[in-house]
Structures are given as structure tokens and as C-alpha cells.
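Residues per chain are reported as follows:
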Amino acid sequence: MRTSPVPRPLRGEPFRRRTALSLTTASRLRGPAYRALLRGVHLDAAEPLDHGTMILAARAALGADPVVCGRSAAWCWGARQVGANDPVEMAVPPPRRVRSRARLTVRSATLDPEDVCRRSGFGLITSPVRTMLDLARLEPVPVAVPLIDALLACSRIPVDEVLAAAAELRGERGVRRVPGVLALCDPGAESPRETALRLLLVLAGLPRPVTQHVVRDASGRFVARVDLAWPVLKVAVEYDGAHHDSPDRIRRDRARLNALRRCGWTVLVVDRAQLLRPADVVALVRDVLEGAGRA
């Protein structure tokens, strides 16, 4: 068995350079056994790297006082679509100023005590409500809505509570756009791609679909739960992710599709490649909905 060249105290989590130099040399720290994450912060190269690891690296660089916020706080609360290469977002209260740097964005923000929580392993982070507010007011809609969808599902916090909190931020940057962004969100979404598909259709002017609609046959027996549905028209749109590619899943999907057709439903399937042609997806769904409305 090969032994790790990294001393045991330096394994597992990011560490500061000055800590490492008491256990190894500067030349070894520059070698392949270590990975530089932020200026003055390193990691055992054998350790997996995700956004949570980068948050720990930012904490090692800045100390305990800054508050994890924005997309990074969303990751801490369970919205795990934020990647290792996305900048860590942290907030510091004025008048303290900390310069942003590569892979780390630092904002100046005054946060009320109820806006801040302590999350095991990550220290101080913005509360779920404050995190959703910041996403809604500061991020582009295609970024904010999937993250807020995930946070609504994880936290089970009602949208009305987030809207009420927005009223307390009157005058803050971007707060006027919060109601419009939240109106596009839906806690029923089960994946970021599903949210992206719903958002594409709604922003194109199509009627808003019902998420995770349960279809039953004439006797009331469960048939399927579909991603996006227009129940009156009996039209559904499903997002077909990579997990649908196995032979067993393909077999089950076909049986499910046949059962839905027997109940009079029209089911459209959109995959990753089709989402790269959004105009075609919108045209397809619009044509089917209009045809069902005329039937």
C-alpha cells in the first residue's frame, strides 16, 4: 500500500500555507501532492473538490467573521447545482473591506441577526429566506429561479414568507424585482434542468404548467406523475435526463408512456440536446397545446 506524501494533519480539509509549512516544505507544497485553492490556502490533491470544499477554503482564508451568502449559501442549504469552479460568495459588514479575488467574491452587507444562521461545518451563513431574497434581487433570472426552486423544496418555506421579508428590504439594490422572480419559482421542480424547461416555456408566453402532476385512470388508479402538465388539455412535457439512458429505465419509460396514452394524454419528451435549441422546443409545445385546445 502506498503511503500518502501528505502529513495526516493536512488531510481532509483545506489548510493555510503557514500551517502547512510547520509540517512540510514550500517546494513540496508546490508539488503534485497538493492543490492551491485560494491565495495562501491549499488542499491535499487526493481529496475530492466541490463547492463545499471551496467554502471551507474561503473560511480558512478570511476567518470566522464573514457570512457565506448568495449561491454559496444556497449550496449549504441543499441547492447543490453550484459547482467547484463557481466563486465562493461571502459578506462582511461595513466598514470592514475585503478585496475580492479569483474564485472568491466578497460583498459589503449589513445583515440583521435574523438573517444569519450558524451551519455546522460552514460557520455563519445567510438564512434560507435571506439567501432566496439575495438570489432573487442580485442574480439573473435563469440563475436565480433554479436555485430558489431547490431552496423552496429543501426548506419548505412558503413563497409568501420570502415576499414578506422582501418588504423589510425596501430601498435595497434589486429588491423591486423580487416579486417578479418569485412568481416564476415553483417548489415542485425536481431538477435544475426541469426548472430551466419550465422557465423557457413560461417566459415564451405559454400557459404556466402544473409541476409533478399525478395522472389517474378512469377508476382512480395511479398511472404516473409527470414533470410539467396542462391537465385540462391532457398535455404533459417530461425532461429526459441522463438517468433515463439505461436499458431498464428505457423499458419502464416506454410502459409508462403507453399507460399515459391509454388515458388520453399527449406526452412530449425533451432531452439535453433539445434544450440547446430552445426556439424549437417552444414551437413544439405551443403547437401541441394549440392543437389540444382545438380538439
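Up top is the structure these notes are about.
What this report covers is the structure whose coordinates are included nearby. Bear in mind the structure is a predicted one, so any value in this text is a computation, not a measurement.

1. A short note on the state of the cysteines
Evaluated as defined, the whole model comprises zero disulfides. No disulfide involves C69; its sulfur sits 10 Å from that of C76, the nearest cysteine. Since its relative accessible area comes to 4%, C69 is described here as buried. Cysteine C117 is unpaired, with the sulfur of C76 as its nearest cysteine sulfur at 11 Å.

2. Details of the packing of aromatic side chains
For the structure on display, the rule yields two aromatic pairs. Judged by centre distance (6.0 Å) and plane angle (85 degrees), the rings of F15 and Y34 are edge-to-face. One end of the pair, F15, is in strand β1 (residues 15-16); the other, Y34, is in strand β2 (residues 34-38), and 19 residues separate them in sequence. For the pair F15 and Y34, a shared accessibility class is recorded, and that class is buried. The ring of W75 has R80 sitting right over it, with the charged end atom 3.7 Å from the ring centre.

3. Overview of the pattern of salt bridges
If you walk through the whole model with that rule in mind, you get 11 salt bridges. One salt bridge in this structure joins R198 and D149, with 3.0 Å as the shortest N-O distance. Here R198 is found in helix α9 (residues 192-203), whereas its partner D149 is found in helix α6 (residues 141-155), with 49 residues between them in sequence. On the basis of relative accessible area, R198 is assigned to the buried category, the value being 1%.

4. Overview of the layout of surface pockets
In this structure, the second largest pocket occupies an estimated 230 Å³ of space. Surrounding the second largest pocket, 14 residues form its lining, R107, S108, A109, R130 and R137 being those nearest its centre. For the lining of the second largest pocket, the secondary-structure elements that each account for two or more residues are β6 (104-108) and α5 (128-138). With four residues, α5 is the largest single contributor of residues to the lining of the second largest pocket. Its residues assigned to classes, the lining of the second largest pocket shows five nonpolar, three polar and six charged.

5. What to know about the side chain of R130
Structurally, R130 can be placed in helix α5. R130 gets classed as buried once you look at its relative accessible area, which sits at 4%. When sequence neighbours within four positions are dropped, the list of residues in contact with R130 reads L111, D115, R137 and L169.

6. Looking at the sheet that holds β1
In spatial order, the strands read β1-β3-β2; together these three strands make up an open sheet with antiparallel pairing. Two strands in the sheet have a free side with no partner beyond their single neighbour: β1 and β2. Pairing analysis gives two bridges linking β1 to strand β3 (residues 41-44), with the strands arranged antiparallel. Residue F15 lies in a different strand from β3, and its bridge partner there is H42. Helix α3 (residues 51-62) contacts β1, β2 and β3 of the sheet and is inclined by roughly 70 degrees relative to β2.

7. Quick look at the environment of D149
The class for D149 is buried, based on a relative accessible area of 1%. Contacts of D149, omitting those with residues within four sequence positions, involve C185, D186, P187, A189, T195 and R198.

8. Brief notes about helix α12 (residues 278-294)
Given a rise of 1.5 Å per residue, 17 residues ought to cover 24 Å, and the 24 Å separating the end C-alpha atoms of α12 matches this to within 8%. Within the span of α12, buried status applies to V281, V282, V285, V288 and L289. Down the axis of α12, the buried side of the element spans an arc of 135 degrees, and every buried residue falls inside it. More than 90 degrees from the buried face of α12, the exposed residues found are A279 and R294. Elements that come into contact with the buried residues of α12 comprise α9, β10 (222-230), β11 (235-240), β12 (266-271) and α11 (272-275).

Parameters and conventions
Residues numbered from 1 in each chain as written. Predicted model: local features only at pLDDT ≥ 70, side-chain atom pairs only at ≥ 80, totals over all residues. Heavy atoms only, no water. Disulfide = S-S within 2.5 Å. Buried < 20%, exposed > 50% of the residue type's maximum accessible area, 1.4 Å probe, protein only. Phe/Tyr/Trp six-rings, centres within 6.5 Å; stacked < 30°, edge-to-face > 60°. Helix = DSSP H or I, 4+ residues; strand = E, 2+ residues; numbered from the N terminus. Lys NZ or Arg CZ within 6 Å of the ring centre and 35° of its normal. Salt bridge = Lys/Arg side-chain N within 4 Å of Asp/Glu carboxyl O. 1 Å grid on protein atoms, 1.4 Å probe; cavity = no way out; pocket = protein on both sides within 12 Å on 5 of 7 lines; lining within 4 Å. Points joined across faces, edges and corners; volume = space filled by probe spheres on them. Nonpolar A, V, L, I, M, F, W, Y, C, P; charged D, E, K, R; others polar. Contact = heavy atoms within 4.5 Å. Pairing = 2+ DSSP bridges. Axes fitted to C-alpha atoms, helices over the stretch in contact; angles between N-to-C directions. Expected span 1.5 Å × (residues − 1). Arc of directions from axis to C-beta.

None of the figures reported here should be taken as evidence of function without further support.
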